[in-house]
Amino acid sequence: MEQRGSYRPSPPPAWTPRTDPAPLLPDARPYRVLGTEAAAKADPALLLELYEQLVRGRRYNAQATALTRQGRLAVYPSSTGQEACEVAAALALEERDWLFPSYRDTLAAVARGLDPVQALSLLRGDWHTGYDPHEHRIAPLCTPLATQLPHAVGLAHAARLKGDDVVALAMVGDGGTSEGDFHEALNFAAVWKAPVVFLVQNNGFAISVPLAKQTAAPSLAHKAVGYGMPGRLVDGNDAAAVHEVLTDAVHRARAGGGPTLVEAVTYRIEAHTNADDATRYRGDAEVEAWRAHDPIALIEGELTDRGLLDEARVQGAKDAAEALAADLRERMNQDPVLDPMDLFTHVYAEQTSQLREQAAQLRAELEAEAER
């Protein structure tokens, strides 16, 4: 179009990257500790704690899966094979920090100290989320994919504005990275330098969809550079490596360095949930290959080689796991006492006129039923 007056468009400035991309790129291969020279520097007390938590976690997953077959749970998404990610995420946080789990991350919540029955209440179909998020610093288990990620960013950003020394760790699966919430959360977190850590558990499948049909990126960790944050790639079955990487990311966030995206490469040994038939989209040979890279066997081998694990300690870990499973069975086999009026509790701070009307109608029906 013809330019009028004295206006002349100025040439664009020479383009320069806003951030040097090189330090943000992940390693070419997943970072490992167990079975490498780095293992010699690992804290023995930490390795033992990780081991005991992994043994408890494996038994917890098995017991929860059995409860679905008994009709005591409506559904259970097992994290068997992914226990290293779950346990390391819980142990990397301080008490004042927040955990934002997905629906598969009940073990992370239990490892953080949540009562196992409360962790399963949502999957049982019981009252609300089953626990007080503020008391435990654990957000509600999130069933919609990736919606917990912007929530984590919001909490972390608000904490920083208030001057609170708090970090949020948000967990998501590889399938969740295909949701818009994932990308929005990363963008806001990087722009605001929010103290948040994103942990992607890449277990190979979004239900039945393999990763290759979700993204053509070199790795999910490479997505970090597009938003201006570091990406870390770690062996998700190496509990010591996951703990180290997450701890570094938490410390960086707390010090004002901003967010980090961590991709933990792991595998879902069990089906997506008890309602899924995994044999329709993967073969037994693939599953068995990953069983050979079991997170418990990896850390058990390291502890044994260093003379830190004997039969008594192994048996003690198994006994503690069995005690957890027995307690879970006993309490989950008790029918919950439900109050139908809870339908109207915690919906609004002040009930609307429609809710008051509906509550009055239900109360009258319950009283009439009781009289009959």
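Each residue is numbered by its place in its chain's sequence as written, counting from 1. Thresholds applied to this predicted model are a pLDDT of at least 70 for local features of residues and 80 or more for the giving and counting of side-chain atom pairs; totals over whole chains, interfaces and linings are not thresholded and use all residues. Just so you know, side-chain values use all the structure's heavy atoms and leave hydrogens and water out.

Trainee: Before we move on, can you summarise the packing of aromatic side chains with the specific residues and values?
Mentor: Aromatic rings from Phe, Tyr and Trp, taking only the six-membered ring of Trp, are treated as a pair when their centres fall within 6.5 Å; an angle between ring planes under 30 degrees marks them as stacked, one over 60 as edge-to-face, and anything in between as tilted. This model, assessed by the stated rule, comprises five aromatic pairs. Each ring, one from tyrosine 60 and one from tyrosine 76, has its centre 6.4 Å from the other, and the planes form 85°; the classification is edge-to-face. Of this pair, tyrosine 60 sits in helix α1 (residues 44-69) while tyrosine 76 sits in the loop between α1 and α2 (83-91), and the two are 16 residues apart along the sequence. Exposure is judged per residue with a 1.4 Å probe applied to protein chains only, and the accessible area is read against the type maximum: over 50% gives exposed, under 20% gives buried, and values in between give partly exposed. According to the relative accessible area criterion, tyrosine 60 is buried, its value standing at 1%. Assessed through its relative accessible area of 3%, tyrosine 76 is described here as buried. In this text, helices come from DSSP runs of H or I with a minimum length of four residues, and strands from runs of E with a minimum of two, each type numbered from the N-terminal end.

Trainee: Quick rundown of the sheet that holds strand β7 (residues 260-265)? Include the residues and the values.
Mentor: Pairing between the strands of a sheet comes from backbone hydrogen bonds, and it takes one of two forms, parallel or antiparallel. Note: two strands are recorded as paired if DSSP finds a minimum of 2 bridges between them. The five strands are arranged β1-β2-β3-β7-β6 in an open sheet whose pairing can be described as parallel. Edge positions in the open sheet fall to β1 (98-100) and β6 (231-235), since each of these has one partner strand only. Put simply, the sheet's adjacent strands are angled 20° from each other on average, direction ignored. With six bridges connecting them, strand β3 (residues 196-202) and β7 associate as parallel partners. For valine 200, the partnering residue across the bridge sits in β7 and is glutamate 263. Across the sheet, helix α8 (residues 239-254) lies against β2 (168-173), β3, β6 and β7, angled at about 160° from β6, the strand it touches most. Comment: axis = line fitted to C-alpha atoms, over the contacting stretch for helices; angle = value between 0 and 180 degrees taken between N-to-C directions. By definition in these notes, contact holds between two residues if any of their heavy atoms fall within 4.5 Å.

Trainee: Got a sec to walk through the pairing of β6? Specific residues and values, please.
Mentor: Extensive coverage of β6 is indicated by the burial of four of its five residues. As paired elements, β6 and β7 share five bridges and run parallel to each other. Paired with valine 234 across the two strands is alanine 264, which belongs to β7. Whether a crossover is right-handed comes down to one check: with the strands pointing away from the viewer, does the path from the first strand over the helix to the second run clockwise; if it does, it is right-handed. Chirality of the crossover, the property in question, places the unit of β6, α8 and β7 among those that are right-handed.

Trainee: Tell me about the pattern of salt bridges, and name the residues and values.
Mentor: When their charged atoms lie close together, side chains carrying opposite charge are able to pair. A side-chain nitrogen of Lys or Arg and a carboxyl oxygen of Asp or Glu constitute a salt bridge if their distance falls within 4 Å. This model, assessed by the stated rule, comprises 14 salt bridges. The salt bridge involving glutamate 83 is made with arginine 58; its shortest N-O contact spans 2.5 Å. Here arginine 58 lies in helix α1 and glutamate 83 lies in helix α2, a separation of 25 residues in the sequence. Glutamate 83 gets classed as buried once you look at its relative accessible area, which sits at 0%.

Trainee: Residue-level account of a nonpolar patch on the surface, with values.
Mentor: A cluster of nonpolar side chains, Phe188, Val191 and Trp192, forms an exposed patch at the surface whose accessible area comes to about 290 Å². You can call valine 191 exposed: its relative accessible area is 59%. Distance thresholds for patches are 9 Å for like charges and 5 Å for nonpolar side chains (Val, Leu, Ile, Met, Phe, Trp, Tyr), applied to residues having over 30% relative accessible area and no salt bridge. Accessible surface is estimated by sampling points in the Shrake-Rupley manner with a 1.4 Å probe; for residues, cover comes only from the protein chains shown.

Trainee: Summarise the packing of α1 against α2; cite the residues concerned and give the values.
Mentor: Relative orientation of the contacting elements α1 and α2 amounts to 125°, with a least axis distance of 9 Å. Regarding the angle of α1 to α2, the classification is oblique. Of the two possible hands of crossing, α1 and α2 adopt the one that is right-handed. On α2, the residues touching Glu49, Leu50, Gln53, Leu54, Gly57, Arg58 and Asn61 of α1 are Glu83, Ala84, Val87 and Leu91. Looking at the contact of α1 with α2 residue by residue, the classes come out as five nonpolar, three polar and three charged. Reported orientations rely on four angle classes, namely roughly parallel under 35 degrees, roughly antiparallel over 145, roughly perpendicular from 65 to 115, and oblique for the rest. Note: crossing handedness is left-handed where the near helix turns anticlockwise from the far helix by less than a right angle, and right-handed where it turns clockwise. Basically, the charged four are Asp, Glu, Lys and Arg, the nonpolar ten are Ala, Val, Leu, Ile, Met, Phe, Trp, Tyr, Cys and Pro, and anything else, Gly included, counts as polar.

Trainee: Outline unusual backbone geometry, supporting the account with residue identities and numerical values.
Mentor: Although it is not a glycine, alanine 146 adopts a positive phi angle of roughly 75°. Judged by relative accessible area, which is 2%, alanine 146 ranks as buried. The phi angle at lysine 193 is positive, at roughly 50°, despite the residue not being glycine. Judged by its relative accessible area of 42%, lysine 193 is partly exposed.

Trainee: Can you break down the environment of threonine 345 residue by residue, with the values?
Mentor: Along the polypeptide, threonine 345 turns up in the loop between α11 (311-332) and α12 (353-371). Looking at threonine 345, the relative accessible area reads 27%, which means it is partly exposed. Along the primary structure threonine 345 and leucine 355 are separated by ten residues, whereas in three dimensions their C-alpha atoms are 9.9 Å apart.

Trainee: Talk me through the state of the cysteines; I want residue IDs and the actual numbers.
Mentor: Here, the term disulfide refers to a pair of cysteine sulfur atoms separated by no more than 2.5 Å. Summed over the entire model, instances satisfying the criterion amount to zero disulfides. Looking at the unpaired cysteine 85, the closest cysteine sulfur is the one in cysteine 142, lying at 18 Å. A relative accessible area of 0% places cysteine 85 in the buried class.

Trainee: If you had to explain α8 to someone new, which residues and values would you point to?
Mentor: Multiplying 1.5 Å by the residue count of a helix minus one yields the expected span of that helix. Counted at 1.5 Å a residue, the expected span for α8 with its 16 residues is 22 Å, and the 22 Å between its end C-alpha atoms agrees. Among all positions in α8, only Ala239, Ala240, Ala241, Val242, His243, Val245, Leu246, Thr247, Ala249, Val250 and Ala253 are buried. Phi for glycine 256, located one or two positions after α8, is positive at around 95°.

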